[in-house]
Amino acid sequence: MKIKFLLGLLFFVFSTSCNVGIKQKKEEQNNTTPKDSTPAAAKEKFETGAVIDKIITLADASQSYSLYLPKNYDSHKTYAVIFAFDPHGTGKLPVDKYKTLAEQYNFILIGSNNSKNGLQFEESKEIAEKLFADAQMRLSVNTARIYLLGFSGGARVANGLTITNGAIAGVICCGAVSPAANSQNPRNDYSLISIGGNADFNFNEIKKYDLVELAGHNVKHTMLAFSGKHEWPPIETMENAFWWLELNEMRRTNTYKNDSLINKKLQPQTKQLKALIAENKEYEAFQLTKQLITLYDGLANINECFDACKKLKESKVVDNAMRNEEMEWAKEEDAKKYYLQGFQRNDIAWWQREINILNQKIKKGNNSSEALMNKRVLDYLSLVAYMQSNGAIKQGALPAADYFCKIYVLVD
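Model, not experiment: these values are computed from the prediction.

**Q** Quick rundown of the overall build of the chain? Include the residues and the values.
**A** Secondary structure summary: the chain contains 15 helices and eight strands in total. Within the chain, buried positions represent 52% of all 412 residues. Of the accessible surface of the chain, which amounts to about 19700 Å², a share of 51% is contributed by carbon and sulfur atoms.

And the structure:
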């Protein structure tokens, strides 16, 4: 089999894709139509409080989406909407997973059944535009509050659409973030929250985008991490992303602001900050101060956070931790390159030894930064082996497929 061709194909595909509750102040405030949103007109009636698996778009019978409308949905009012993009085109997955959040925050939640990995961005853009048009024609959408949500390749599509479409107010990128679209003049007037599992092979990409790529841009952004691999985030983490959207709307529309709710959310976080400082966990405290400033600046009195951030920024512990983090990024990239070459050069016995070494390092390190790095490397190898075996099977190269499948079994 032409291994180099497959590896090249892998790089191409990998670069373009990848795998409590609230009731706002008052019902009338939650569903108020701002001046810049589309007036509610006669809309279709759909079941509320339940996931509808498939709604076919009127303009194109080949396209469809999954839908969740909150129980109190009223077609005479307008609602914030989140369009979700799953890498496998399974719109029901994110809609069903996050429907309770859509209910709590009074959002319309829509999942595309057509946008998926393997498409060119222009194809994904065409699918998205038909989806947007159909939803706005048939549902009561607040056009000032259109948000996108995506996972893995779907996150790249969501971010690509956001930087090229001025109608989108914000985006939630999970498991990946680099946009699928190449824009010489990307927008700056939107918000972005990225989410990654600490054992996700794209975790460093997400961190770099937040810390480096968006530096100097006017995009309001932050990042959330959870304990997990390359997967849709748990609902507890996603709840913070929905809250992020609400905070940005409060910042944009002062009449929407809810001081009591802000204080209720902020108090436990400031308590956590004090605990981290008392425990001398300076780097963790520094990261939390930055996040709280991003979340609540202009909405609450967070002078305490500003003071702590300034002091911690001058700490040698924080400086060393940031330097070590950059070194770990480079070390992880080198490990990925090393193992990628192994697909071309080494036999199964070599892979057995190497994977055993990685697992031993993970076991010994528990949840240390090095152990998490090795988990991310294994997660990466799982993806590579899966994609290579899939490609080999499609080409009828059964010996190569057998080789890649054995590596996949060893990794997973």
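The rest of the description comes next.
**Q** How would you explain the packing of helix α5 (residues 121-138) against helix α6 (residues 153-164) if you had to name every residue and give the values?
**A** At their nearest, the axes of α5 and α6 sit 10 Å apart, and the two run at 75° to each other. When the interaxial angle is binned, α5 and α6 end up roughly perpendicular. Each of Phe 121, Ser 124, Lys 125, Ala 128 and Phe 132 in α5 lies in contact with α6, whose residues at this interface are Val 157, Gly 160, Leu 161 and Thr 164. Here the residues of the contact of α5 with α6 sort into five nonpolar, three polar and one charged.

**Q** How would you explain the nonpolar core if you had to name every residue and give the values?
**A** In terms of nonpolar packing, the biggest core is built from 49 residues, with Phe 107, Leu 149, Ile 172, Met 238 and Tyr 296 touching the most fellow members. Sequence-distant contacts of Phe 107, that is, excluding residues within four places in its chain, are made with Tyr 68, Pro 70, Ala 80, Ile 82, Ala 102, Arg 145, Tyr 147, Phe 242, Leu 245 and Glu 246. Counting residues in hydrophobic clusters, the runner-up holds 41 residues, among them Ile 110, Leu 139, Leu 148 and Leu 214.

**Q** How would you summarise helix α13 (residues 348-365) if you had to cite specific residues and measurements?
**A** Given a rise of 1.5 Å per residue, 18 residues ought to cover 26 Å, and the 26 Å separating the end C-alpha atoms of α13 matches this to within 8%. A positive backbone phi angle near 55° is found at Asn 366, which sits one or two residues after α13.

**Q** Report on the packing of aromatic side chains, specifying residues and quantitative values.
**A** Under the definition given, this model contains 17 aromatic pairs. When the centroid spacing of 5.8 Å and the interplanar angle of 45° are considered together, the rings of Tyr 105 and Phe 242 count as tilted. Note that Tyr 105 is positioned in helix α4 (residues 99-105) and Phe 242 in helix α8 (residues 235-252), a separation of 137 residues in sequence. Relative accessible area serves as the criterion here: at 0%, Tyr 105 is assigned to the buried category. Residue classification places Phe 242 among the buried positions, given a relative accessible area of 0%.

**Q** An account of the confidence of the model for the chain is requested, with residue identities and associated values reported.
**A** On average, the chain scores 89 in pLDDT, and the residues at 70 or more come to 90%. A low-confidence stretch, residues 1-40 stays under pLDDT 50, and its non-local contacts, those more than four residues away or across chains, total 100 contacts.

**Q** An account of the sheet that holds strand β6 (residues 170-174) is needed here, citing residue identities and associated values.
**A** One open sheet accounts for eight strands, arranged β1-β2-β4-β3-β5-β6-β7-β8; its pairing is mixed. Where the open sheet ends on each side, the last strands, each with one partner, are β1 (51-56) and β8 (220-226). Each strand axis lies, on average, 20° off the axis of its neighbour in the sheet, ignoring direction. In the sheet, β1 pairs with strand β2 (residues 64-68) via four bridges, with the strands oriented antiparallel. Bridge pairing in β2 links Ile 52 to Leu 67.

**Q** Residue-level account of the pattern of salt bridges, with values.
**A** In total, this model carries 22 salt bridges according to the counting rule given. Here Arg 145 makes a salt bridge to Glu 246, at a shortest N to O gap of 2.7 Å. On the criterion of sequence distance, the pair formed by Arg 145 in strand β5 (residues 141-151) and Glu 246 in helix α8 is long-range, its members being 101 residues apart. Under the relative-accessibility criterion, Glu 246 is labelled buried at 0%. One salt-bridge network, held together by shared partners, links Arg 145, Glu 246, Glu 249 and Arg 252.

**Q** Quick rundown of the pairing of strand β3 (residues 79-85)? Include the residues and the values.
**A** Among the seven residues in β3, seven count as buried, and that is most of the element. Going residue by residue along β3, you find Tyr 79, Val 81, Phe 83 and Phe 85 tucked away on one face and Ala 80, Ile 82 and Ala 84 tucked away on the opposite face as well. Here β3 runs beside β5; their pairing, made up of six bridges, is parallel. Residue pairing in the sheet places Phe 83 in a bridge with Leu 148 of β5. Pairing between β3 and strand β4 (residues 108-112): four bridges, direction parallel. By the bridge assignment, Ile 82 is partnered in β4 with Leu 109.

**Q** Describe the side chain of Glu 205, with residues and values.
**A** Mapped onto the elements, Glu 205 comes out in helix α7 (residues 203-213). One polar contact links the side chain of Glu 205 to the main-chain amide nitrogen of Val 177, over a distance of 2.9 Å. When residues no more than four places from it in sequence are discounted, the contact partners of Glu 205 are Arg 156, Ala 176, Val 177 and Ser 178.

**Q** Describe the state of the cysteines, with residues and values.
**A** A complete count under the given rule lists zero disulfides for this structure. Between Cys 173, a cysteine without a disulfide, and Cys 174, which holds the nearest cysteine sulfur, the sulfur-to-sulfur distance is 7.3 Å. For Cys 305, which is in no disulfide, the shortest distance to another cysteine sulfur is to Cys 309 and amounts to 8.8 Å. Among the residues examined, Cys 305 registers a relative accessible area of 2% and is labelled buried.

**Q** So what's going on with helix α11 (residues 303-313)? Residues and values would help.
**A** Residues Cys 305, Ala 308, Cys 309 and Leu 312 constitute the buried set of α11. For α11, the angular spread of the buried residues around the axis is 100°, confining them to a single face. Exposed side chains of α11 directed beyond 90 degrees from the buried face belong to Asp 307, Lys 310 and Lys 311.

Each value, and the rule that gives it
- Residues numbered from 1 in each chain as written.
- Predicted model: local features only at pLDDT ≥ 70, side-chain atom pairs only at ≥ 80, totals over all residues.
- Heavy atoms only, no water.
- Helix = DSSP H or I, 4+ residues; strand = E, 2+ residues; numbered from the N terminus.
- Buried < 20%, exposed > 50% of the residue type's maximum accessible area, 1.4 Å probe, protein only.
- Areas by Shrake-Rupley, 256 points an atom, 1.4 Å probe, with all protein chains shown as cover.
- Axes fitted to C-alpha atoms, helices over the stretch in contact; angles between N-to-C directions.
- Parallel < 35°, antiparallel > 145°, perpendicular 65-115°, else oblique.
- Contact = heavy atoms within 4.5 Å.
- Nonpolar A, V, L, I, M, F, W, Y, C, P; charged D, E, K, R; others polar.
- Core = buried A, V, L, I, M, F, W, Y, C linked by side-chain atoms within 4.5 Å.
- Expected span 1.5 Å × (residues − 1).
- Phe/Tyr/Trp six-rings, centres within 6.5 Å; stacked < 30°, edge-to-face > 60°.
- pLDDT = per-residue confidence, 0-100.
- Pairing = 2+ DSSP bridges.
- Salt bridge = Lys/Arg side-chain N within 4 Å of Asp/Glu carboxyl O.
- Polar contact = N/O pair within 3.5 Å; in protein donor to acceptor, adjacent residues only side chain to side chain.
- Disulfide = S-S within 2.5 Å.
- Arc of directions from axis to C-beta.

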